[in-house]
Amino acid sequence: MRKGSIPENLNSVAERIVTACRSCDRQAEDVTLLAVSKTRPAADLRAAYAAGQRHFGENYLQEALDKQAELADCAITWHFIGPLQSNKTRDVAGHFHWMHTVERLKIARRLSEQRPVDMPPLNVCLQVNIDGEDSKSGVSAEALPELAAAVAALPNLQLRGLMAIPAPRGASEDQRTPFIQLAALLDALKSQLPDQPLDTLSMGMSGDMEAAIFSGATIVRIGTDIFGRRD
């Protein structure tokens, strides 16, 4: 993607979402653009916010907390999308609206226990290691139903769906394979847990967003094509 201003880049990504949705008879309103803002200064987030962006995803906890303080005047929906150690769950429980990377029941229990009583339940996605990569975090497809049932029972969390970061693939058709698999896993969970609002597939980034939308993504996580490449 060519380097432009943040508002110009946001507009280009929005146009890509519209085009991708039209190609598979979906509504663009059903896909949320999550701006991945890790390592970006608060000024960049403010510029995106001024251009209409409301959902931001952060990977590094202390960096995110600093930005939240600096951007306290903005009505941002904050998503935590990075790996989380158990000794840092309290800050995520108290400062975020969404947590995308739950892969262990221990983490989920701590998030539920530490969610402030005056806040609504924390929206969570379970991260699935869809390709079974040793280098990737996430629950296996085989262990997913047991984890989902346990997380759904926790009082201060709202299980919303699944998240994955597939291995890179070249052709668009190949990119779709893991996304279709993740969508099938979500459909199975809907049958298993009919009382849960399982409406979220957090999948797709700058290089494979169209394939993810074709496969049912409801949240696409875009960083480079909004903010440019990181140094």
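In this report, the structure presented in the accompanying data block is examined. Predicted model only: the values in this text are computed from it and were never measured.

Conventions used here
Sequence order as written defines residue numbering, which begins from 1 separately in each chain. In keeping with the predicted nature of the model, local features appear solely for residues at pLDDT of at least 70, side-chain atom pairs appear and are counted solely at 80 or more, and the whole-chain, interface and lining totals rest on all residues. Water and hydrogen atoms play no part in the side-chain values, which are based on all heavy atoms of the structure. Paired rings are identified among Phe, Tyr and Trp, the last through its six-membered ring, by centres lying within 6.5 Å, and are further divided according to the angle between planes into stacked (under 30 degrees), edge-to-face (over 60) and tilted (the rest). Put simply, DSSP marks the helices as runs of H or I at least four residues long and the strands as runs of E at least two long, and each gets a number from the N terminus on. Buried residues are those whose accessible area, probed at 1.4 Å on protein chains only, stays under 20% of the maximum for their type, while exposed residues exceed 50% and partly exposed ones sit between those limits. A ring has a charge above it when a Lys NZ or an Arg CZ is no more than 6 Å from the ring centre and no more than 35 degrees off the ring normal. For our purposes a nonpolar core is just a set of buried Ala, Val, Leu, Ile, Met, Phe, Trp, Tyr and Cys residues, chained together by side-chain atoms within 4.5 Å. By definition, residues are in contact when any of their heavy atoms lie within 4.5 Å. Only four residue types enter the tally: Lys and Arg on the positive side, Asp and Glu on the negative side, with His and both chain ends excluded. A pairing counts as a salt bridge when a side-chain nitrogen of Lys or Arg comes within 4 Å of a carboxyl oxygen of Asp or Glu. Here, a strand pair is defined by DSSP locating no fewer than two bridges between the strands. Whether a crossover is right-handed comes down to one check: with the strands pointing away from the viewer, does the path from the first strand over the helix to the second run clockwise; if it does, it is right-handed. The length a helix should cover is 1.5 Å for every residue beyond the first. By definition, a residue's bend is the angle between the axes fitted to the seven residues ending there and the seven starting there. Contacts described as polar in this section are N or O atom pairs within 3.5 Å, which, within protein, must combine one atom able to donate a hydrogen with one able to accept it, while residues neighboring in sequence count only if both atoms come from side chains.

## Quick notes on the packing of aromatic side chains
Within this structure, the stated rule accounts for two aromatic pairs. Seen in terms of ring centroids, Phe-56 and Trp-78 are 6.3 Å apart; in terms of plane orientation they differ by 40°. Their pairing is tilted. Of this pair, Phe-56 sits in strand β2 (residues 55–58) while Trp-78 sits in strand β3 (residues 77–80); the two residues are 22 residues apart in sequence, bridging distant segments of the chain. Assessed through its relative accessible area of 0%, Phe-56 is described here as buried. Ring plane angle 80° and centroid distance 5.4 Å describe the contact between Phe-80 and Phe-96, whose orientation is recorded as edge-to-face. Taken together, the residues span a long stretch of sequence, with Phe-80 in strand β3 and Phe-96 in the loop between α4 (89–95) and β4 (98–102) at a distance of 16 residues. Each member of the pair Phe-80 and Phe-96 is classed as buried. If you follow Arg-54 out to its NZ or CZ, it ends over the ring of Tyr-49, 3.7 Å from the centre. Positioned above the aromatic ring of Phe-214, the side-chain terminus of Arg-176 is 3.7 Å from the ring centre.

## Here we look at the nonpolar core
For soluble globular proteins, nonpolar side chains are generally found buried alongside one another. Within the largest apolar cluster, 66 residues are counted, with the highest numbers of intra-cluster contacts made by Leu-111 and Leu-162. Among residues more than four places away in sequence, those in contact with Leu-111 are Leu-84, Thr-89, Val-92, Ala-93, Met-99, Val-102, Leu-122 and Leu-157. With seven residues, the next largest nonpolar core counts Val-36, Trp-98, Met-163 and Ile-219 among its residues.

## What about the side chain of Arg-221?
The topology assignment puts Arg-221 in strand β8 (residues 219–222). For the buried Arg-221, no salt bridge exists, and the shortest N-O distance to an oppositely charged side chain is 7.2 Å, to Asp-208. With sequence-adjacent residues up to four places away left out, Arg-221 is seen in contact with Leu-34, Val-36, Ile-81, His-100, Met-163, Ala-164, Ile-165, Ser-202, Met-203, Gly-204, Met-205 and Ser-206.

## As for unusual backbone geometry
One non-glycine residue, Asp-25, adopts positive backbone phi at about 55°. The backbone phi angle of Thr-39 is positive, close to 70°, even though this residue is not glycine. Its relative accessible area of 43% is what places Thr-39 among the partly exposed residues.

## Quick word on the pairing of β2
In this sheet, β2 lies alongside strand β1 (residues 32–36) in parallel orientation, the contact comprising two bridges. Paired with Ala-35 across the strands is Phe-56, a residue of β2. Regarding the hand of the β-α-β motif, the stretch spanning β1, helix α2 (residues 42–50) and β2 is right-handed. In this sheet, β3 lies alongside β2 in parallel orientation, the contact comprising four bridges.

## Remarks on helix α7 (residues 172–192)
Because each turn of an α-helix spans 3.6 residues, side chains separated by three or four positions end up pointing in the same direction. Between its first and last C-alpha, α7 extends 31 Å over 21 residues, near the 30 Å set by a 1.5 Å rise per residue. At Pro-178, α7 shows its maximal kink, close to 25°. Looking only at α7, the buried set comprises Gln-175, Pro-178, Phe-179, Leu-182, Ala-183, Leu-185, Leu-186 and Leu-189. Turning to α7, the residues buried within the fold contact α6 (144–152), β6 (157–163), β7 (200–202) and α8 (209–214).

## Concerning the side chain of Glu-58
Along the chain, Glu-58 falls in strand β2. We classify Glu-58 as buried; its relative accessible area is 0%. In this structure the side chain of Glu-58 is engaged in a polar contact, spanning 3.0 Å, whose partner is the side chain of Lys-67. Among all residues touching Glu-58, those that are not within four sequence positions of it are Ser-37, Lys-38, Leu-45, Glu-63, Ala-64, Lys-67, Trp-78, His-79, Phe-80, Ile-81 and Gly-82.

## Things to note about the pattern of salt bridges
Using the criterion set out here, one finds eight salt bridges in the structure. Lys-67 is paired through a salt bridge with Glu-58; the nearest N and O atoms lie 3.0 Å apart. Assessed through its relative accessible area of 4%, Lys-67 is described here as buried. Here Lys-67 and Glu-63 are joined by a salt bridge, their closest N and O atoms 2.6 Å apart. Highlighted residues: Lys-67 and Glu-63, both in helix α3 (residues 61–70), separated by four residues, approximately one helical turn. Using a relative accessible area of 22% as the deciding quantity, one classes Glu-63 as partly exposed.

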